[in-house]
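In case you want the letters, here they are:
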Amino acid sequence: GVPPLSGFGGKWMLYTALIEKGWYLQAGLAFFAGAVAFLYLFRLIHSIFLGQLKPEHRNIKESPIWYHIPSYIFIGGIMAISAFPNIILKPLIQAVSGYFPASITLENYTVISTLGYWNGNAVMLVTMGIFMTLLIFMLMRIRSVTKVEQFNIVYAAERPERPVTTHVAYNFFAPYKKALGFLDRSRAVRFWDNISQWSHTLAAAFNNIYTGNAQTYALHIFMLIVILYLIIGVH
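Residues numbered from 1 in each chain as written. Predicted model: local features only at pLDDT ≥ 70, side-chain atom pairs only at ≥ 80, totals over all residues. Heavy atoms only, no water.

J.: Sorry, what's going on with the packing of helix α1 (residues 6-20) against helix α2 (residues 24-49) here?
T.: In a packed pair of helices, the relevant descriptors are the angle between the two axes and the axis-to-axis distance. Contact geometry of α1 with α2 gives a least axis separation of 8 Å together with a crossing angle of 160 degrees. The orientation of α1 with respect to α2, classified from their angle, is roughly antiparallel. The two elements α1 and α2 meet at a crossing, and its hand is left-handed. Residues Lys11, Leu14, Tyr15, Leu18 and Ile19 of α1 form the contact with α2, whose participating residues are Tyr24, Gln26, Ala27, Ala30, Phe31 and Gly34. Of the residues contributing to the contact of α1 with α2, the split by class is 8 nonpolar, 2 polar and 1 charged. (Axes fitted to C-alpha atoms, helices over the stretch in contact; angles between N-to-C directions. Helix = DSSP H or I, 4+ residues; strand = E, 2+ residues; numbered from the N terminus. Parallel < 35°, antiparallel > 145°, perpendicular 65-115°, else oblique. Left-handed = near helix turned anticlockwise from the far one by under 90°. Contact = heavy atoms within 4.5 Å. Nonpolar A, V, L, I, M, F, W, Y, C, P; charged D, E, K, R; others polar.)

Structure follows, in structure tokens:
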């Protein structure tokens, strides 16, 4: 949901539609949901790409190139739609124009609404220009980079007792637990435990009905035919 990718354009148009309708509460909730989505993706990035490698992951090898090709195809599609949003917006607007009034217009690569405009092509070019500038700068200084070893790090003057504690994602949610300490965690745990127990009980009840036995299914079909016959006969 951040520039220059297409998720930003989708969220921007969603917020625009909600505000144009006067649904300010829903717009605020949508914005809050987007921020929460960023937090869990931030956690995912921390766990996978940052910090020291965990011992149980040292023997993992890279997947074959054939597994990467579909991802590259989808990434290319996302980049194309982000740079040229009219590729997908123009046919979508034409498809719904007979049912909903259009509140946005297209001028080349610019999407214009009552609250502003968004040019995916320009945003993509600016972002890629900044990225390439930083990449070139890093490549020019790569020889002066010093590799950080596994335990070349200290926490409050104490040496970490095991590698997992040196990972930046270790105990990631501790600040959130402190901030939300007023909530009764045990009550929430009991609630979800009850939901799980009810789900298992309901599944067991359905399992008693749908046993996998052909004779039982034949009886079900016969009972359904009888019920339908009685209903049709009454009417």
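J.: Please clarify how helix α5 (residues 120-140) should be interpreted in this entry.
T.: Note that an α-helix has 3.6 residues per turn; residues three or four places apart therefore point the same way. In this model, α5 (21 residues) spans 30 Å end to end at C-alpha, consistent with the 30 Å of a helix rising 1.5 Å per residue. Along α5, the residues classified as buried are Gly120, Asn121 and Met124. Down the axis of α5, the sector holding all buried residues measures 80 degrees, keeping them to one side. α5 presents Val126, Ile130, Thr133 and Met140 as exposed residues on the side facing more than 90 degrees away from its buried surface. Buried-residue contacts for α5 involve α3 (65-83) and β3 (116-119). Of the residues flanking the start of α5, the one acting as N-cap is Asn119, its side-chain oxygen 3.1 Å from the backbone nitrogen of Asn121. (Expected span 1.5 Å × (residues − 1). Buried < 20%, exposed > 50% of the residue type's maximum accessible area, 1.4 Å probe, protein only. Arc of directions from axis to C-beta. Polar contact = N/O pair within 3.5 Å; in protein donor to acceptor, adjacent residues only side chain to side chain.)

J.: I'm lost on the sheet that holds strand β2 (residues 110-113) in this one. Help?
T.: Sheet strands pair by backbone hydrogen bonding; their relative direction is either parallel or antiparallel. With antiparallel pairing, 3 strands are arranged side by side in an open sheet as β1-β2-β3. Across the chains shown, the open sheet's two edge strands, defined by having one partner strand only, are β1 (105-107) and β3. Averaged over all pairs of adjacent strands, the angle between their axes in this sheet comes to 25 degrees, without regard to strand direction. Relative to β3, β2 is paired through 4 bridges, and the arrangement is antiparallel. Bridge pairing links Thr110 to Asn119 in β3. (Pairing = 2+ DSSP bridges.)

J.: Is there a simple way to explain the packing of aromatic side chains in this structure?
T.: Aromatic rings considered in pairs are described by the distance between their centres and by the relative angle of their planes. The tally for this structure, following the rule as stated, stands at 5 aromatic pairs. The interplanar angle of 75 degrees and the centroid separation of 6.1 Å between the aromatic rings of Phe8 and Trp118 together place this pair among those described as edge-to-face. One end of the pair, Phe8, is in helix α1; the other, Trp118, is in strand β3, and 110 residues separate them in sequence. In this structure Phe8 comes out as partly exposed when scored by relative accessible area, which is 24%. Among the residues examined, Trp118 registers a relative accessible area of 6% and is labelled buried. (Phe/Tyr/Trp six-rings, centres within 6.5 Å; stacked < 30°, edge-to-face > 60°.)

J.: Whenever I open this one, the nonpolar core confuses me. Can you help?
T.: Generally speaking, soluble globular proteins have nonpolar side chains that are buried together. Residues Trp12, Leu89, Ile104, Val111 and Trp118 constitute the largest nonpolar core, which totals 5 residues. In this structure, Val111 is in contact with Trp12, Met13, Pro85, Leu89, Ile104, Thr105, Leu106, Gly116, Tyr117 and Trp118, ignoring residues within four places of it in sequence. (Core = buried A, V, L, I, M, F, W, Y, C linked by side-chain atoms within 4.5 Å.)

J.: Quick question: what am I supposed to make of unusual backbone geometry here?
T.: The phi torsion of most residues other than glycine is negative, and most of the peptide bonds are trans. Of note, Asn108 is a non-glycine position whose phi angle comes to about 60 degrees, a positive value. We classify Asn108 as exposed; its relative accessible area is 67%.

Everything listed here is a matter of coordinates, which is why it stays silent on function.
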